[in-house]
Amino acid sequence: MSFPIKYLLSLGAAGFLLGQWACTQPLTESTAAQLVEENRRALPDTSGYERRAPQDPNGISTYYMGRQIAHVMGHEGAGWLERTDRQQEEGTDILLRELKLKPTDVVADIGAGTGYFTFRMSSLVPKGKVLAVDIQPEMLAALRETTEKRHIHNVVPVRGTTDNPNLPAKGVDLVLIVDAYHEFDHPREMMRAIRNSLTPTGRVALVEYRAEDPKVAIKRIHKMSVAQVRREMAAIGLRLTDSVETLPQQHLLFFQK
Ligand SMILES: C[S@@+](CC[C@H](N)C(=O)[O-])C[C@H]1O[C@@H](n2cnc3c(N)ncnc32)[C@H](O)[C@@H]1O
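Residues numbered from 1 in each chain as written. Predicted model: local features only at pLDDT ≥ 70, side-chain atom pairs only at ≥ 80, totals over all residues. Heavy atoms only, no water.

Description of the nonpolar core
Alright, step 1. Counting residues in hydrophobic clusters, the biggest one holds 29 residues, and the most contacted among them are I110, V175, I177, Y181, M191 and V204.
Alright, step 2. Every element with two or more residues in this core is listed here: β4 (106-110), β5 (129-134), β7 (172-178), α8 (187-197), β8 (198-210), α9 (226-234) and β11 (250-256).
Alright, step 3. When sequence neighbours within four positions are dropped, the list of residues in contact with V175 reads A108, I110, I194, S197, L198, R203, V204 and A205.
Alright, step 4. Formed by 26 residues, the second largest nonpolar core is a distinct cluster that contains L95, Y116, L176 and V178. (Core = buried A, V, L, I, M, F, W, Y, C linked by side-chain atoms within 4.5 Å. Buried < 20%, exposed > 50% of the residue type's maximum accessible area, 1.4 Å probe, protein only. Helix = DSSP H or I, 4+ residues; strand = E, 2+ residues; numbered from the N terminus. Contact = heavy atoms within 4.5 Å.)

Shown next, in the form of structure tokens:
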């Protein structure tokens, strides 16, 4: 055997023995963490989330299923939610009618804000109730104040977190989300929890400005297309069962399990 071949063979044998020895050594914490991270990177990411530089400064650096998530509207903008021309501008009376609520319904208003829809729905469900969920304590304080001032007994303010609306399991007939879904920073977790809160015939009514319509003068990041909404709902097992396109600027889309 020539020298270089002998040399290569002994190098191979040494490598094999070294590998055997390494396999029998206990893993240190940092090696284990490194292996977990390597495995995580090797697997395809099915969560739908992605972190990248914000394309639009009105959004955060998290993208969900290709869509940049918008910043949460701060409580400082509460006055805008209660503007006097809102009914005419957004056709809110049409929206409320199209919800087809029954007097006994339990409704959840997610991202309720000041309660523009909460209080209008409360009179439509006199034998039921409205769970008004928000993550901002200032919005919940405003909700509580109105509830007390108007002696309303079927509105329950609920403090949610960014990934959990804290709703009762299988107890909600209709979940209404107006102009809030596009700013959920954990949309998948929120919608999974919302899905679990629905009764077997429960519905989700999602209202978002129409991205397909250039005449709707709202920043792109605050609009959504039907195709995008359907994709995101399908990802957590909700299917489109009805849609109303008679509102001046928004889609009203109904989803069920
Ligand atoms: C643009 S406002 C809309 C308020 C109300 N739906 C309306 O149309 O008058 C959006 C609201 O959603 C709330 N919000 C954002 N992310 C939320 C989350 N993960 N859970 C509950 N509320 C959320 C914000 O705090 C804010 O009050």
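Section: the site of the ligand
Alright, step 1. In the region of the ligand, 21 residues are neighbours, and R86, G111, D134, Q136 and V178 sit closest.
Alright, step 2. Take R86: an N or O atom from its side chain is 2.7 Å from an oxygen atom of the ligand.
Alright, step 3. Protein coverage of the free-state accessible area of the ligand, which is 600 Å², stands at 99%.
Alright, step 4. Taken together, the residues of the shell around the ligand sort by class into twelve nonpolar, five polar and four charged. (Near = heavy atom within 4 Å. Polar contact = N/O pair within 3.5 Å; in protein donor to acceptor, adjacent residues only side chain to side chain. Areas by Shrake-Rupley, 256 points an atom, 1.4 Å probe, with all protein chains shown as cover. Nonpolar A, V, L, I, M, F, W, Y, C, P; charged D, E, K, R; others polar.)

With respect to the packing of aromatic side chains
Both the distance between ring centres and the angle between the ring planes are used here to describe each pair of aromatic rings.
Alright, step 1. Inspection of the entire model under this criterion finds three aromatic pairs.
Alright, step 2. Arranged with centres 5.1 Å apart and planes meeting at 70°, the rings of Y116 and F117 form a pair that is edge-to-face. Across the pair, F117 and Y116 agree in class, each one buried. (Phe/Tyr/Trp six-rings, centres within 6.5 Å; stacked < 30°, edge-to-face > 60°.)

Looking at the environment of T104
Alright, step 1. In this fold, T104 is placed in the loop between α5 (92-98) and β4.
Alright, step 2. If we skip the residues at most four places from it in the chain, T104 touches K127, G128 and D173.

Examining helix α7 (residues 137-149)
Alright, step 1. With 13 residues, α7 extends 18 Å between its outermost C-alpha atoms, agreeing within 8% with the 18 Å of an ideal straight helix rising 1.5 Å per residue.
Alright, step 2. What α7 keeps buried is the set M139, L140, L143, T146 and T147. Seen end-on, α7 carries its buried residues on one side only, within an arc spanning 125°. Within α7, the exposed residues directed more than 90 degrees away from the buried face are E145, E148 and K149.
Alright, step 3. Of the surrounding secondary structure, the elements contacted by the buried residues of α7 are α3 (78-81), α6 (116-122), β5 and β6 (155-159).
Alright, step 4. Positive backbone phi, approximately 50°, marks H151, located one or two places after α7. (Expected span 1.5 Å × (residues − 1). Arc of directions from axis to C-beta.)

Observations concerning the pairing of strand β10 (residues 239-244)
Alright, step 1. Two elements, β10 and β11, share five bridges in a ladder whose sense is antiparallel. Pairing of S243 across the sheet is with L253, part of β11.
Alright, step 2. The hairpin formed by β10 and β11 contains five residues between the paired strands. (Pairing = 2+ DSSP bridges.)

Side note on the side chain of N154
Alright, step 1. Looking at the secondary structure, you find N154 in the loop between α7 and β6.
Alright, step 2. A polar contact of 2.9 Å, which involves the side chain of N154, links it to the backbone oxygen of S122.
Alright, step 3. Engagement of the side chain of N154 in a polar contact is seen with the backbone oxygen of V125, the distance being 3.1 Å.
Alright, step 4. Among residues more than four places away in sequence, those in contact with N154 are S122, V125, P126, G128, K129 and V130.

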